[in-house]
Every structure is written in structure tokens, then in C-alpha cells.
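The primary structure of each chain is shown beneath.
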Amino acid sequence: MEIWRIVATGLLAVSGVLMALIVMAKVRDRTGRSGDVAIAGAVTFTALVVLGVLMLTVLPGVLTWVIVAVVGAAVSVMVLAS
């Protein structure tokens, strides 16, 4: 496995965990129900894991780095908008 794949997946994991926490907080603010918060966290975490596995195994390099940049930008916007 190439080292750039591991680095890209690590960056995705860091920003993805932040995104999951932000999504869960926004769901809590809007609904106030813990069940909805848990579902939002599970969906976000599952999507993050699937995307990470795909990045480690089959996605081409350009697409991998584009995904890392888009997720990083989305997390930055979410943090600044909060």
C-alpha cells in the first residue's frame, strides 16, 4: 500500500470525525432527540468508514485528494458557520 493513501485516509479520518461531531450537534439542536442524534452519528461514521476503505484500496489518486479537500473544506465551513 502506498504511503500517500495512508496519509490521505488519515487526513480524511481527522476531518471526518470533526464532521460527525458537528453533524450530531446540529441534529441535537434541531430535533432535541437522542435517537436522531445517534442515527445521524451512525450514518456519518458508516459513510466515513466506507469512504476510507475505498480510498485505501481502489480510488485513484486524484479522486482521493479531491475527496480529502472537499471534506476538509466542508468541515472548515461548518466550523466557521457555527
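All figures in this text were calculated on a predicted structure; none of them were measured in a lab. (Residues numbered from 1 in each chain as written. Predicted model: local features only at pLDDT ≥ 70, side-chain atom pairs only at ≥ 80, totals over all residues. Heavy atoms only, no water.)

Draft legend 1. Quick look at a nonpolar patch on the surface. A cluster of nonpolar side chains, contributed by Met-1, Ile-3, Ile-6, Val-7, Leu-11 and Trp-65, occupies part of the molecular surface with about 630 Å² of accessible area. With respect to the helices and strands, the residue Met-1 is situated in the segment before α1 (3-31). (Patch = residues over 30% accessible without salt bridge, like charges linked within 9 Å, V, L, I, M, F, W, Y side chains within 5 Å. Areas by Shrake-Rupley, 256 points an atom, 1.4 Å probe, with all protein chains shown as cover. Salt bridge = Lys/Arg side-chain N within 4 Å of Asp/Glu carboxyl O. Helix = DSSP H or I, 4+ residues; strand = E, 2+ residues; numbered from the N terminus.)

Draft legend 2. Quick look at the nonpolar core. Judged by nonpolar contacts, Ala-8, Leu-12, Met-19, Leu-48, Met-55, Leu-59, Ile-67, Val-68, Val-71 and Val-75 together constitute the single largest core of 10 residues. Those elements that place two or more of their residues in this core are α1, α2 (34-57) and α3 (61-81). Per-element tally for this core: the top contributor is α3, with 4 residues. (Core = buried A, V, L, I, M, F, W, Y, C linked by side-chain atoms within 4.5 Å. Buried < 20%, exposed > 50% of the residue type's maximum accessible area, 1.4 Å probe, protein only.)

Draft legend 3. How the structure looks around the pattern of salt bridges. Taken as a whole, this structure holds 3 salt bridges when the rule is applied. A salt bridge links Arg-5 to Glu-2; the shortest N-O distance between them is 2.9 Å. Assessed through its relative accessible area of 10%, Arg-5 is described here as buried. With a shortest N-O distance of 2.7 Å, Asp-36 and Arg-33 are connected by a salt bridge. What makes Asp-36 partly exposed here is its relative accessible area of 24%.

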